[in-house]
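# Structural overview for review
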Amino acid sequence: MTSGMEWYPAAAMRKPSETATAFSSCPDRSGTGSEKWDRWTGRDVLPVWVADMDFRTAPEVLEALHARVEHGVFGYTHEPPGFRPALVGHLAARHGWQVDPDWIVGVPGVVTALAITARLLSDRNDAILTFTPVYPPFLTLPALAGRGCARVPLAHDAGGWRIDWDAFERAARSPAARLLWLCHPHNPTGTVWGHADLEHIADVAERHGLTVVSDEIWSDLVLDDGPHVPFASLDHPAARRAITLVAPSKTWNLAGLSCAAAIVPDGTIRRRWRIAGEGLVPMVNPLGYAAAEAAWRHGEAWRRELLTILRKHRSLVLERVASIPGLECTPWQATYLAWIDCRATSRENPQADCEAAGIGPSDGRDFGLPGFIRVNTACPTERLVLALDRLSAAFAQR
Ligand SMILES: Cc1ncc(COP(=O)(O)O)c(C=O)c1O
């Protein structure tokens, strides 16, 4: 594995001081059709729910977008020549994973790609396994495709969130089990699955003929030094069959530009993939391609600065949560999401109590675990502190 820096051009490695203020303020998003900010329009509720950041994207990405807009022609666009090499270079430099450019398929979103895998790799009434709590579409997409969703609850102890191997084995043994949708790193708990976990998952998958689809959209936001090991990079037969989904959207705040990639080593599945989406799944748009390529190629310095802020925000949240009786939060290893256990407060509806106090998190019920809330920490520090003040107020003794 390289140090991660050699691949990125020297020009991209700006000094931290040059962007020190980039994360202390952010544009007003009202009137821009922001899903996050429009949810509580007209009410004084700070939105800390859906996973996008309030920060402007990296200057290098904006520059590439300006250049593409300046070109002025936005006709039907397939992958520009720099897209695959940019992703290949990024995966090698960042995660020590060498992929063949031919394996890469551009897709307009990771959720779309998950939906394609359901239709492509399983039949009606087959079951898709997933570890819960989890990002809501993992729970809702299977039914939309006429597939079952087999929830395998994660276990939680002092060491954090971990896989209940017996429960996983039982679910995998079911004759209906066909696919595992792995969320790696895991949303909402922020768990980074380690090498031993991944090997164990691969063994179970191999024993029971499961195909693993690994959603690695959060893999560039591992906050601590530990590496992210792509599931498909294991030397294991189950890894060689796996499909990996990646995107620059979480890390560089590009979700509205609809650009992601599926890494599909099997040529037959790749051909069938394109057929499965035909007439339904649009091409990736030219601005999405331009932004993704610039992020992967030139976004490393900005990403590192972002991680510094996100680590600071994690400390702030953990400190505050520890001061509120009944709340508990396991330190997250990746993402910018705090998964907060409110069950010991005995509040019937923690989400409603938060909204009444002026903070709008995501409701744990949507992730399959009532009694929890998820707080998005990717906003200027001042705004996060205000949100935390409101969190304290929400759970103040009545
Ligand atoms: C695990 C996970 N997968 C996928 C997505 C969404 O991906 P996309 O916007 O590319 O559909 C999210 C967004 O939060 C996510 O957390």
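Here the residue numbering is sequential within each chain, running from 1 through the sequence in written order. For a predicted model such as this one, the threshold for reporting local features is a pLDDT of at least 70, and the threshold for listing and counting side-chain atom pairs is 80 or more; totals across whole chains, interfaces and linings nevertheless cover every residue.

### Some words on the packing of helix 12 (residues 300–322) against helix 14 (residues 381–394)
- Where helices are involved, their axes are fitted lines through C-alpha atoms of the stretch in contact, as for all axes, and angles between N-to-C directions lie from 0 to 180°. The helix and strand labels rest on DSSP assignments: H or I over at least four residues marks a helix, E over at least two residues marks a strand, and numbering proceeds from the N terminus. In contact at an axis separation of 11 Å, helix 12 and helix 14 are set at 15° when each is read in the N-to-C sense. What the angle tells us is that helix 12 and helix 14 run roughly parallel. When the axes of helix 12 and helix 14 are compared, the crossing they make is right-handed. Counted together, His313, Leu316, Val317 and Arg320 of helix 12 and Thr381, Leu384, Leu388, Leu391 and Ser392 of helix 14 form the full contact between these two elements.
- Side-chain classes are defined by residue name, with Ala, Val, Leu, Ile, Met, Phe, Trp, Tyr, Cys and Pro counting as nonpolar, Asp, Glu, Lys and Arg as charged, and the others, Gly among them, as polar. Its residues assigned to classes, the contact of helix 12 with helix 14 shows 5 nonpolar, 3 polar and 1 charged. By the definition adopted for this analysis, an angle is roughly parallel if under 35 degrees, roughly antiparallel if over 145, roughly perpendicular if from 65 to 115, and oblique otherwise. For any helix crossing, the convention is left-handed if the near helix is rotated counterclockwise from the far helix by under a right angle, and right-handed if that rotation is clockwise. By definition, residues are in contact whenever their C-beta atoms, placed on the basis of the backbone, come within 7 Å of each other.

### What to know about the sheet that holds strand 3 (residues 127–132)
- One bridge is not enough; two strands pair if DSSP finds at least two bridges between them. Ordered by their spatial adjacency, 7 strands build an open sheet running 2-10-9-8-7-3-4, and the pairing between neighbours is mixed. The open sheet has two edge strands with one neighbour each: strand 2 (104–107) and strand 4 (148–153). Within the sheet, the average angular offset between the axes of one strand and its neighbour, ignoring direction, is 25°.
- Across 3 bridges, strand 9 (residues 243–246) lies against strand 10 (residues 260–263) in antiparallel orientation. For Thr244, the partnering residue across the bridge sits in strand 10 and is Ile263.
- Along the sheet, helix 4 (residues 110–121) makes contact with strand 2, strand 3, strand 7 (177–183), strand 8 (211–215), strand 9 and strand 10, crossing strand 8 at roughly 175°.

### A closer look at the environment of Trp161
- With respect to the helices, strands and loops of the structure, Trp161 is situated in strand 6 (residues 160–162).
- Taking the C-alpha atoms as reference, Trp161 lies 9.0 Å from Gly190; in sequence the two are 29 residues apart.
- Those residues in contact with Trp161 that sit more than four places away from it in its chain are Leu154, His156, Thr189, Thr191 and Thr330.

### Section: the site of the ligand
- Among the 13 residues in the neighbourhood of the ligand, the closest are listed as Ala51, Gly109, Val110, Val111 and Asn187.
- A breakdown of the residues in the shell around the ligand according to their chemical character gives 9 nonpolar, 3 polar and 1 charged. In this analysis a residue is considered near a molecule or strand if the C-beta atom, reconstructed from its backbone, is found within 6 Å of that molecule or strand.

### Side note on helix 5 (residues 137–144)
- Of all the positions in helix 5, only Phe138, Leu141 and Pro142 are classed as buried. Take helix 5 and look down its axis: the buried residues cluster within an arc of 100°, on one side only. Facing away from the buried side of helix 5 by over 90 degrees, the exposed positions are Thr140, Ala143 and Leu144.
- Where helix 5 is buried, its residues meet helix 4, strand 3, strand 4 and strand 7.
- In the stretch just after helix 5, Gly146 is the one whose phi turns positive, near 75°. The burial criterion counts other C-beta atoms lying within 10 Å of a residue's C-beta, which is placed from the backbone; the residue is buried at 20 or more, exposed at 12 or fewer, and partly exposed between these limits. What the arc measures is the spread of directions leading from the helix axis to the C-beta atoms.

### Concerning the domain arrangement of the protein chain
- Its domain assignment divides the protein chain into domain 1 (13–59 + 300–394) and domain 2 (63–298).
- Between the C-alpha centres of domain 1 and domain 2 the distance comes to 24 Å.
- Between domain 1 and domain 2, the contact holds 27 residues from the first and 30 residues from the second.
- For the side of domain 1 that touches domain 2, the secondary structure elements donating two or more residues are helix 12, strand 12 (337–341) and strand 15 (372–376).
- If one sorts the elements of the side of domain 1 that touches domain 2 by residue count, helix 12 sits on top with 5 residues.
- Here the residues of the side of domain 1 that touches domain 2 are counted per class, giving 15 nonpolar, 6 polar and 6 charged. An automatic or database domain assignment provides the domain bounds reported here.

### Comments concerning helix 2 (residues 59–71)
- If you check helix 2, its first and last C-alpha atoms are 19 Å apart, about what 13 residues at 1.5 Å a residue would give, namely 18 Å.
- For helix 2, the complete set of buried residues consists of Glu60, Val61, Ala64 and Arg68. End-on view of helix 2: buried residues confined to an arc of 105°, all on one side of the axis. Across helix 2 from its buried face, at more than 90 degrees, point the exposed residues His66, Val69 and Glu70.
- Looking at the packing, one finds that the buried side of helix 2 touches helix 9 (249–252), helix 11 (286–298) and helix 12.
- Taken from the residues just after helix 2, Gly72 is the one with a positive phi, measuring 85°. Working rule for helices: expected span equals 1.5 Å times residues minus one.

### Section: the packing of helix 2 against helix 11
- It is the contact of helix 2 with helix 11, at a shortest axis distance of 8 Å, that shows an interaxial angle of 145°. Classified by chirality, the crossing of helix 11 by helix 2 is right-handed. The segment helix 2 lies against helix 11, with Glu60, Val61, Ala64, Leu65 and Arg68 engaging Pro286, Leu287, Ala290, Ala291, Glu293, Ala294, Ala295 and His298.
- The residue inventory of the contact of helix 2 with helix 11, partitioned by class, reads 9 nonpolar, 1 polar and 3 charged.

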